[in-house]
Amino acid sequence: NPTKFVGPVYGPKEAHALAESLGWTVKQDGEYFRRVVPSPPPVEILQVDAVRTLLEHAPHILPIACGGGGIPVSRVPSRPQTLQGVEAVIDKDACGSMLAV
């Protein structure tokens, strides 16, 4: 059930036309419509080893991770080393909780 608004606002006719032609899910956001995407729970945090290294060996540097703006990706099942972008939003709270553990 997609719930996270992304992108610009559209009028009702344009929103429904985009949803039809591109397979988007759109929902009303105030008087306009916007595209919505899912926010699935995180499975792994990429490059967490780099964060650990900075924390352990560079105490004067404060790494920022799981702060939003990241690009959600998933591994390609047939090639697990390959990542592909997914149309979703990273849940910062869930990602931060995973990082803390």
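Thresholds applied
Residues numbered from 1 in each chain as written. Predicted model: local features only at pLDDT ≥ 70, side-chain atom pairs only at ≥ 80, totals over all residues. Heavy atoms only, no water. Core = buried A, V, L, I, M, F, W, Y, C linked by side-chain atoms within 4.5 Å. Buried < 20%, exposed > 50% of the residue type's maximum accessible area, 1.4 Å probe, protein only. Helix = DSSP H or I, 4+ residues; strand = E, 2+ residues; numbered from the N terminus. Contact = heavy atoms within 4.5 Å.

### Considering the nonpolar core
Inference 1: Tyr-10, Ala-15, Leu-18, Ala-19, Val-26 and Phe-33 together form the largest nonpolar core, which totals six residues.
Inference 2: Of all the elements, helix α1 (residues 12-22) adds the most residues to this core, at three residues.
Inference 3: Filtering out sequence-adjacent residues up to four positions away, Ala-15 remains in contact with Tyr-10, Val-26 and Phe-33.

### Some remarks on unusual backbone geometry
Inference 1: For Gln-47, which is not glycine, the phi dihedral falls at a positive 65°.
Inference 2: You can see Gln-47 is positioned in the loop between β3 (32-37) and α2 (48-57).

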